[in-house]
Amino acid sequence: MGRMSRGVSRRSVGHRVRVWPRVRASLAVLTAVALLAGCTPTDDSGPPGPDGPANAVLSVTTIGSRLPSSTRNRLESQVSDVLAAYVVGAFLGDYPRQDFLGGFDRFTSGAAKLAVADIDALTASGFEKVTAVRATRLDARLSFLAPDDRAVGASAWVDFAFDVAQGGSTVKVRLTGRLALGLVDGTWAVFGYSLVRDDSDALPVEVSSS
Amino acid sequence: MRRALGLTGWVLRILPVVVVLLVAVPGSAVRPTSIALTTVQHAEGYDAGGDVVWVLVLGSDAPPGTSIVEGDTDAIQLLGIDAGTGAAAAIGIPRDTYVDLGGEKGRINVALRTAKGDPALVAGAVADLVGISPDFVLVTGGQGFEAMIDTLGGVTVDSPVAFDTDDGGMHVVKGPNHFDGEQALDFATTRRAFAGPGDFVRSANHQALLLGLLNQLQARDDREGFVEAMALASLDGIDTDASPLDLYRLLNALTAVDPDQAKGCILVGEESQDPVGNFVVLPDSVLGHQLGEDAVDDATFDQGCEGSP
C-alpha cells in the first residue's frame, strides 16, 4: 500500500492531525480534548503528571482510499472521535479510578460484552496504584469499506503507546492491532477488535564487579 | 533440602572462577543494567450481530451471463459462527435432499430458482430440516466464487481422498492441494468421481474447501486493507439479503474463528426416487434436528456427526 499511489490523506501525512478541535459531543471526547490537545509526542523520560510531558496527539492516516478528500476528512474525524473515546476511557483520564468501562462506550453492545471479558488487555484496569497514564504515541491507519463510495465499515490499525506511572516506576504499555468499526444507525461504533497488548517493565538491576 | 545444598555447593564451586574473572577484567565497575520483563496478551472478539450467527451459503450453477439465482444451488452449507468462542459449525445439505417447497415436494437445489430468487423458500426448507433459521443467505455463482478465491490468493484444500475432477480432469491428491479460483470451482463441482451418492462426499469437500478458505483468510487478515478488499470482492460476487455492513461484520467474525474449533457434518439420508423417477435423497430427519439442536446455541457438535460420511 504505497502511500502516494493509494490516496493517502496529505493532511494526515503532512502533520499530526489535530482532531481535537473538531471533536464534539460526548463527555468522553470532551475529556479527550483536555487531555490530548497540544503537543506531538515528546520523549518518555520521567513519570507522567500534571506538570509532565503532554500526551501524544492522535495521528490518523487513511490508506487505500479513492474517496473524495472532503469525504475522507469527514470520515477520519468521525472515526477519530471513536478512537479518542476508547483511548480516554480505557487508559487516560483521572487517576486513581476503578471504572474503565467507559472505554467501551463507542463499542456495539455485543462488542462491549466481549470486551468486558478482555478488560485487562484492553484497558489499564489491571494496574494497581496508578497515579497517571500518559500517551506517548497514538497512531492509527484507517482502511474504509466503501461500496459505491459510501463508507459502511473500517479497520483502524492502531499503534498506541502509554507510560503508566505506578508509585515511583513507569510501565510502558504498547497496544497494536486492529479495531473494526461499522456505521451502525448512522454512528460509527467498534464492533470488533484484535489487539496485542505488550507491557514492558524495565527493572533496574545492578551488576557488581568489584 | 538436597536441592538447596546442591545449589550452595555449586555456588561455592564457581565462586573462585567468578572472583578471578571480576578481578582480571580491566575497568570493571558497578554497572547498572536492566532486565525487561514483558507481558504480551492478545485480545480478539467480534460482534457479528448475535451470539451465534447462522448463514446459509449457496453455490449456484447458473451459467455466466445469467443471474445466479436462476441456477440450481448444488452447494448448500449452513454455517454457524460463534465469534465469542471462536467455534464454527457447518451442516452440509446434499443438493438432492427431498424437501417441502411451499406445498410441493422437490429437491432442495431448485428452491431458490423456484422462488425466483427469494431466499425465504430455501431458508424455510433448511429450517424444516435442522430447526435453524439462517440469519442471512449468501448465493454465489461460478464467476463470483472464482474471483473471491483469486482475491484471497488461491486456497489450499486438504482433500480427504484422491480423485480426478469431473470437468477439467484435474488430479486432486489426498492431502493438501493449492487451487486458484478455477481449480477450486472444479474441485467443488465434482461428484461423479465418487461412489454412491456422490453429493455426500461433495458436500464434505465443500466443507474442506470452506476450511481452506478460512485458513487463507486468517493467513492474510493482518495485512492492512485486506479485509476491506475481501469484503468488496464478496459484495461483487455474492447475491445476499445481508447488508454490506452485515457482510463486513461476518467476514471480520470469520477472522476470529479457531480452525481447530471448526467442525462440519453432513445431513445424510436414503437414496430414493420421486414420483417421476428422479433420484432424490430422503433426509434423515432425526439426524437433521439432532445436528441443529446440538449446534444452534454454540456452533459446536458435542454429539458428533453420527450418520455423516
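So, a few notes on the structure that sits alongside this text. What you see is a predicted model, and the numbers here were worked out from it, not measured in a lab. (Residues numbered from 1 in each chain as written. Chains lettered and ligands numbered in written order. Predicted model: local features only at pLDDT ≥ 70, side-chain atom pairs only at ≥ 80, totals over all residues. Heavy atoms only, no water.)

So, the pairing of strand 3 (residues 73–82) of chain B
Residue and element names in this part refer to chain B. As a reminder, the rule being used: Note on exposure labels: buried denotes an accessible area under 20% of the residue type's maximum, exposed denotes more than 50%, and partly exposed covers the range between, all computed with a 1.4 Å probe on protein chains only. Numbering of helices and strands starts at the N terminus; helices are DSSP runs of H or I of at least 4 residues and strands are runs of E of at least 2. By definition, two strands form a pair when at least two bridges between them are found by DSSP.
For strand 3, the buried fraction is high: 10 of the 10 residues fall into the buried class. Relative to strand 3, strand 2 (residues 53–60) runs antiparallel, the two sharing 8 bridges. Bridge pairing links Val57 to Gln77 in strand 3. Bridge count between strand 3 and strand 4 (residues 87–92): 6 bridges; the pairing is antiparallel. From the neighbouring strand, Leu79 faces strand 4, where its bridge partner is Ala90. Between strand 3 and strand 4, which pair antiparallel and follow one another directly, the connecting turn spans 4 residues, one of which, Gly86, has a positive phi of 85°.

Focus: empty space enclosed by the protein
Residues and elements named next belong to chain B. Going by this rule: Residues are called lining when one of their atoms sits within 4 Å of a cavity or pocket point, these points coming from a 1 Å grid over the protein atoms alone, where a cavity is a set in which a 1.4 Å probe fits but cannot get out and a pocket is an open set with protein on both sides within 12 Å along at least five of seven lines. Grid points are joined across faces, edges and corners, and a volume is the space filled by probe spheres set on the points.
With the rule as written, the count across this model stands at 1 cavity of 30 Å³ or more. A volume near 40 Å³ is recorded for the largest cavity. Forming the walls of the largest cavity are Asp74, Ala75, Ile76, Gln77, Ile93, Pro94, Arg95, Asp199, Arg202, Ser203 and His206. Residue assignment for the lining of the largest cavity shows that the elements contributing at least two residues are strand 3 and helix 6 (198–220).

Some remarks on helix 8 (residues 244–255) of chain B
All names here are of chain B. We apply this condition: Expected helix span is computed as 1.5 Å times (number of residues minus one).
For helix 8, spanning 12 residues, the distance from its first C-alpha to its last is 17 Å, which sits close to the expected 16 Å at 1.5 Å a residue. Taking burial as the measure, the 12 residues of helix 8 include 9 buried ones, the bulk of the element. All of the buried residues along helix 8 are Leu245, Leu247, Tyr248, Arg249, Leu250, Leu251, Asn252, Ala253 and Thr255.

Describing the nonpolar core
Short version of the rule: Only buried Ala, Val, Leu, Ile, Met, Phe, Trp, Tyr and Cys residues count toward a nonpolar core, and they belong to the same one when joined by side-chain atoms within 4.5 Å. Contacts are assigned to residue pairs that have any heavy atoms within 4.5 Å of one another.
Of all hydrophobic cores here, the largest spans 50 residues; its most connected members are Tyr86, Phe162 and Leu179 of chain A. Beyond its immediate sequence surroundings of up to four residues, Leu179 of chain A is in contact with Leu83, Tyr86, Ala154, Ser155, Ala156, Val158, Val190, Gly192, Tyr193 and Leu195 of chain A. Within the second largest apolar cluster, 47 residues are counted, among which are Val55, Phe145, Ala208 and Ala233 of chain B.

Comments concerning the pairing of strand 2 (residues 130–145) of chain A
Residue and element names in this part refer to chain A. With 12 of 16 residues buried, strand 2 lies mostly within the body of the structure. Pairing geometry for strand 1 (residues 59–62) and strand 2, over 4 bridges, is parallel. Residue pairing across strands places Thr61 opposite Arg141, the latter belonging to strand 2. As defined by bridge partners, strand 2 adjoins strand 3 (residues 153–166) across 14 bridges and the pair is classed as antiparallel. Within the sheet, the bridge partner assigned to Asp139 lies in strand 3 and is Asp159.

As for the packing of aromatic side chains
What counts is decided by this rule: Two rings belonging to Phe, Tyr or Trp (six-membered ring only in the last case) form a pair when the distance between their centres is within 6.5 Å. Interplanar angles under 30 degrees mark stacking, angles over 60 mark edge-to-face geometry, and anything in between is tilted.
If you walk through the whole model with that rule in mind, you get 11 aromatic pairs over all chains. A centroid spacing of 6.4 Å and a plane angle of 70° characterise the contact between Phe160 of chain A and Phe162 of chain A, whose relative ring orientation is edge-to-face. Exposure class is identical for Phe160 of chain A and Phe162 of chain A. Each is buried. When the centroid spacing of 4.8 Å and the interplanar angle of 70° are considered together, the rings of Phe163 of chain B and Phe194 of chain B count as edge-to-face. Note that Phe163 of chain B is positioned in strand 9 (residues 163–164) and Phe194 of chain B in the loop between helix 5 (181–189) and helix 6, a separation of 31 residues in sequence. Both residues of the pair, Phe163 of chain B and Phe194 of chain B, count as buried. Following the ring pairs from residue to residue traces out a cluster consisting of Tyr86, Phe91, Phe104, Phe107, Phe160 and Phe162 of chain A.

Here we look at unusual backbone geometry
Residue and element names in this part refer to chain A. Put simply, Tyr95 and Pro96 share a cis peptide bond, and its omega is 0°. As for its position among the elements, Pro96 is in the loop between helix 3 (69–90) and helix 4 (109–117). The phi angle at Lys129 is positive, at roughly 55°, despite the residue not being glycine. Note on placement: Lys129 falls in the loop between helix 5 (119–122) and strand 2. If you check the backbone angles, Asp185 has positive phi at about 50° while not being a glycine. Mapped onto the elements of the fold, Asp185 is located in the loop between strand 4 (169–184) and strand 5 (187–207). We classify Asp185 as exposed; its relative accessible area is 78%.

Read these as spatial facts, not as claims about activity.
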